[in-house]
Amino acid sequence: MATSPDYLKQLQKEIEQTPEEYRGLLLRIVHSFREGVMLPSQADTFKRNKQKAQMLTETHEALAEIEASELISGDKVLDWLDSWGDENEKPSPV
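Residues numbered from 1 in each chain as written. Predicted model: local features only at pLDDT ≥ 70, side-chain atom pairs only at ≥ 80, totals over all residues. Heavy atoms only, no water.

Novice: Got a minute to help me understand the overall build of the protein in this structure?
Specialist: Across its full length, the protein holds four helices and zero strands. Its C-alpha radius of gyration of 30 Å places the protein more than 25% over the 12 Å reference for a compact globule of 94 residues. A principal-axis box enclosing the C-alpha atoms of the protein has dimensions of 85 × 35 × 15 Å. Just so you have it, the protein exposes about 9,000 Å², and 58% of that area is on carbon and sulfur atoms. If you average the places of the 11 positive and of the 18 negative side-chain charges in the protein, the two averages end up 16 Å apart. (Helix = DSSP H or I, 4+ residues; strand = E, 2+ residues; numbered from the N terminus. Rg over C-alpha atoms; globule rule 2.2 N^0.38 Å. Areas by Shrake-Rupley, 256 points an atom, 1.4 Å probe, with all protein chains shown as cover. Lys, Arg positive; Asp, Glu negative; His and termini not counted. Charge placed at Lys NZ, Arg CZ, Asp CG, Glu CD.)

Structure below.
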């Protein structure tokens, strides 16, 4: 089995043998491979879970506000908007 320095030497040799016009593509392949095999760190996972929890909390708070307040129907708002600029402009439904 090759050791780490051997892998680096082999990779370098392969890169050097790759035609210049394909090295950008090779870089993208290596980058995609690395991202695919690396596990997210605990800090990243914690941060992502914290963001999801915050979003869920905000969603529940917004739904509670909607349920507690009197909603204005879309039809009332559209009727009011349609009356703008008319001599019989309707008052705001709010």
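Novice: Can you help me understand the packing of aromatic side chains in this one?
Specialist: Given two aromatic rings, their pairing is described by the distance between the two centres and the angle made by the two planes. This model, assessed by the stated rule, comprises one aromatic pair. Relative to Trp-84, the ring of Trp-80 has its centre 5.1 Å away and its plane inclined at 90°; by these criteria the two rings are edge-to-face. By relative accessible area, which is 49% here, Trp-84 ends up partly exposed. (Phe/Tyr/Trp six-rings, centres within 6.5 Å; stacked < 30°, edge-to-face > 60°. Buried < 20%, exposed > 50% of the residue type's maximum accessible area, 1.4 Å probe, protein only.)

Novice: Explanation requested: the environment of Ser-73 in the structure shown.
Specialist: Of note, Ser-73 is situated in the loop between α3 (42-68) and α4 (74-82). Exposure remark for Ser-73: the relative accessible area of 33% places this residue in the partly exposed category. For the pair Ser-73 and Pro-93, spaced 20 residues apart in sequence, the C-alpha to C-alpha distance is 9.0 Å. One polar contact links the side chain of Ser-73 to the main-chain amide nitrogen of Lys-76, over a distance of 3.1 Å. (Polar contact = N/O pair within 3.5 Å; in protein donor to acceptor, adjacent residues only side chain to side chain.)

Novice: Help me understand the pattern of salt bridges in this model?
Specialist: Any two side chains of opposite charge can pair, so long as their charged atoms come close to each other. For the structure on display, the rule yields one salt bridge. Between Arg-23 and Glu-20 there is a salt bridge, with the nearest N and O atoms lying 3.1 Å from each other. (Salt bridge = Lys/Arg side-chain N within 4 Å of Asp/Glu carboxyl O.)

Novice: Can you help me understand a nonpolar patch on the surface in this one?
Specialist: On the surface, Leu-8, Leu-11 and Ile-15 cluster together into a nonpolar patch covering about 280 Å² of accessible area. Its relative accessible area of 35% is what places Ile-15 among the partly exposed residues. (Patch = residues over 30% accessible without salt bridge, like charges linked within 9 Å, V, L, I, M, F, W, Y side chains within 5 Å.)

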